[in-house]
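Results of the structural survey
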Amino acid sequence: MHSMTAFAAHEVVSDLGKLSCEIKTVNQRFLDLTIKAPEFLRPLENQFRKLFNQHLSRGKVSVFIRFFPNESVSLTQLNVNKALLSQLVDQANQISNEHGLSQTMGTAELMTWPEVMIQQPTDLSVLNQTAIELINTSIERLKESRLREGQAMYDVLSEKANSMATLTQDIRTEVPAINEFLANKLRTKLADLDVEVNPERFEQELAIQLQKIDITEELDRLDAHVIEFNRVLELNEPVGRRLDFLVQELNRESNTIGSKSASISTSNASIDLKVIIEQIREQIQNIE
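Computed from a predicted model, the values in this text were never measured in an experiment. (Residues numbered from 1 in each chain as written. Predicted model: local features only at pLDDT ≥ 70, side-chain atom pairs only at ≥ 80, totals over all residues. Heavy atoms only, no water.)

**Considerations on the overall build of the protein**
Stated precisely, the cut-off is as follows: Secondary structure counts use DSSP, requiring at least four H or I residues in a row for a helix and at least two E residues in a row for a strand, with both numbered from the N terminus. The protein chains shown are the only cover counted for residues, whose accessible areas, like all others here, come from Shrake-Rupley with a 1.4 Å probe.
What the protein contains, in helices and strands, is eight helices and six strands. Per element, the accessible surface of the protein, about 17,300 Å² overall, is 50% carbon and sulfur.

**Some details on the pairing of strand β4 (residues 59-69)**
Our working definition: Pairing between strands is defined by DSSP: at least two bridges between them are needed. Handedness rule for crossovers: strands pointing away from the viewer, path from the first strand over the helix to the second running clockwise, crossover right-handed.
By the bridge criterion, ten bridges tie strand β2 (residues 17-26) to β4 in an arrangement that is antiparallel. By the bridge assignment for β4, E22 is matched with F64. Direction of pairing for strand β3 (residues 31-36) relative to β4: parallel, over a ladder of six bridges. Residue pairing in the sheet places L31 in a bridge with G59 of β4. Each parallel crossover has a hand, and the one from β3 via helix α1 (residues 45-55) to β4 is left-handed.

**Details of helix α6 (residues 216-233)**
Rules: How far a helix is expected to stretch is found by multiplying one less than its residue total by 1.5 Å. Exposure categories follow from relative accessible area, calculated using a 1.4 Å probe and restricted to protein chains: below 20% of the type maximum is buried, above 50% is exposed, and the middle band is partly exposed. Note that the arc is defined by the directions from the helix axis to the C-beta atoms.
Between its terminal C-alpha atoms α6 stretches 26 Å, which fits the 26 Å expected from 18 residues at 1.5 Å a residue. Among the residues making up α6, those that are buried are E218, L219, L222, H225, V226, F229, V232 and L233. Taken around the axis of α6, the buried residues stretch over an arc of 145°, which confines them to a single face. The exposed residues of α6 that point more than 90 degrees off its buried face are E217 and I227.

**Examining the nonpolar core**
When a protein is soluble and globular, its nonpolar side chains tend to lie buried together. Put simply, the test is: Joining through side-chain atoms within 4.5 Å is the link that ties buried Ala, Val, Leu, Ile, Met, Phe, Trp, Tyr and Cys residues into a set, and such a set is a nonpolar core. Only heavy atoms matter for contacts: two residues are in contact if any of them lie within 4.5 Å across the pair.
Counting 30 residues, the largest nonpolar core has M1, L157, M164, F229, L243, I280 and I287 as its most contacted members. Counting residues per element, the ones that place at least two in this core are α4 (125-193), α6, α7 (240-260) and α8 (264-284). In terms of residue count, α4 provides more of this core than any other element does, eight residues in total. When residues no more than four places from it in sequence are discounted, the contact partners of L243 are M1, L157, F229, V232, L233, I284 and I287. One finds F40, L41, L44 and A131 within the second-largest nonpolar core, a separate group that totals 27 residues.

**Overview of the environment of L44**
As for its placement among the helices and strands, L44 is situated in the loop between β3 and α1. As a C-alpha pair, L44 and I132 span 88 residues in sequence and 8.3 Å in three-dimensional space. Apart from the residues within four sequence positions on either side, L44 is in contact with N128 and I132.

**Quick look at the packing of α6 against α7**
A pair of packed helices can be characterised by two numbers: the angle between their axes and the separation between those axes. Where we set the bar: Every axis corresponds to a line fitted to the C-alpha atoms, with the helix fit spanning only the stretch in contact, and the corresponding angles, defined between N-to-C directions, vary from 0 to 180 degrees. Roughly parallel covers angles under 35 degrees, roughly antiparallel covers those over 145, roughly perpendicular covers 65 to 115, and oblique covers all other angles. By the definition used in this description, the sense in which the near helix is turned from the far one sets the handedness, with an anticlockwise turn below a right angle giving left-handed and a clockwise turn giving right-handed. Residue polarity is assigned by list, with Asp, Glu, Lys and Arg as charged and Ala, Val, Leu, Ile, Met, Phe, Trp, Tyr, Cys and Pro as nonpolar; anything else, Gly included, falls into the polar class.
In the contact formed by α6 and α7, the axes pass within 10 Å of each other and the chain directions differ by 160°. In terms of their interaxial angle, α6 and α7 are classed as roughly antiparallel. When the axes of α6 and α7 are compared, the crossing they make is left-handed. Residue-level contacts link E218, L219, R221, L222, H225, V226, E228, F229, R231, V232 and L233 of α6 to R242, L243, L246, V247, E249, L250, E253, T256, I257 and K260 of α7. Class assignment of the residues belonging to the contact of α6 with α7 gives a composition of eleven nonpolar, two polar and eight charged.

**As for the pattern of salt bridges**
This is how the line gets drawn: Take a side-chain nitrogen of Lys or Arg and a carboxyl oxygen of Asp or Glu: if they are within 4 Å of each other, that pair is a salt bridge.
One pass over the full model with this rule turns up 15 salt bridges. For E45, the salt bridge is made with R42, and the minimal N-O distance between the two is 2.8 Å. A residue is classified by how much of its surface remains accessible, and R42, at 33% relative accessible area, is partly exposed. The salt bridge partner of E288 is R146, with a shortest N-O separation of 3.2 Å. With E288 in the segment after α8 and R146 in helix α4, this residue pair connects regions lying 142 residues apart in the sequence.

Right under this line is the structure:
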């Protein structure tokens, strides 16, 4: 089980400078990935996204990549277009000679002439490969962090599931006493009325009343949902959506038990169930 809330950071030092990566993730229904990186790494963004998609399925993921170059390092190289420069100098000299001009083009003016100075990027292949390795390591650290958080959540959810199973069993043991209480209550009312009652008719009416408050099916479904809940907790895959669905089913059954409750004890137990289910719901919002 992995949490969607985590943080990871890593940095790598190369001959050109230091690359650092920070990843922050919070809960989100789907995978929402934002990458902020230096401009020279933009061509690699799709490759970065593929790496994240391979390892993460849900969560809002914010990635910050920074580059700190060494003082003597430049990511661009300046070259002179010597052919064009020679033509400019020759033409300037020719104009000066033909028209008796003494002023010629200076160095600064020549350098600013369009296309005389050619700016080319430095070979960044090694730095790009370093960036890919940086992302891979950062993702592994993020997964480790999400796994640690997920294990803590697993422990909490397992405890809550056991509490639900215990409450369900407690309610189940109350059912015979509740049925007996209702039967005695009907007999007492009839005795107070001092009327003669057909025993068969009484049993029919008692069966109808008991059916209205019968929660056996709800308890059976609760048990089944708790068993499935525990099974899903053990799966080695993203389980957040499955658990969310099971919580909805658990909540539905607990509501029905509460509405059918015929005793204070079952009403209180139903409330306790709802509290536990709501606590579980809050936890699984962060599960991948």
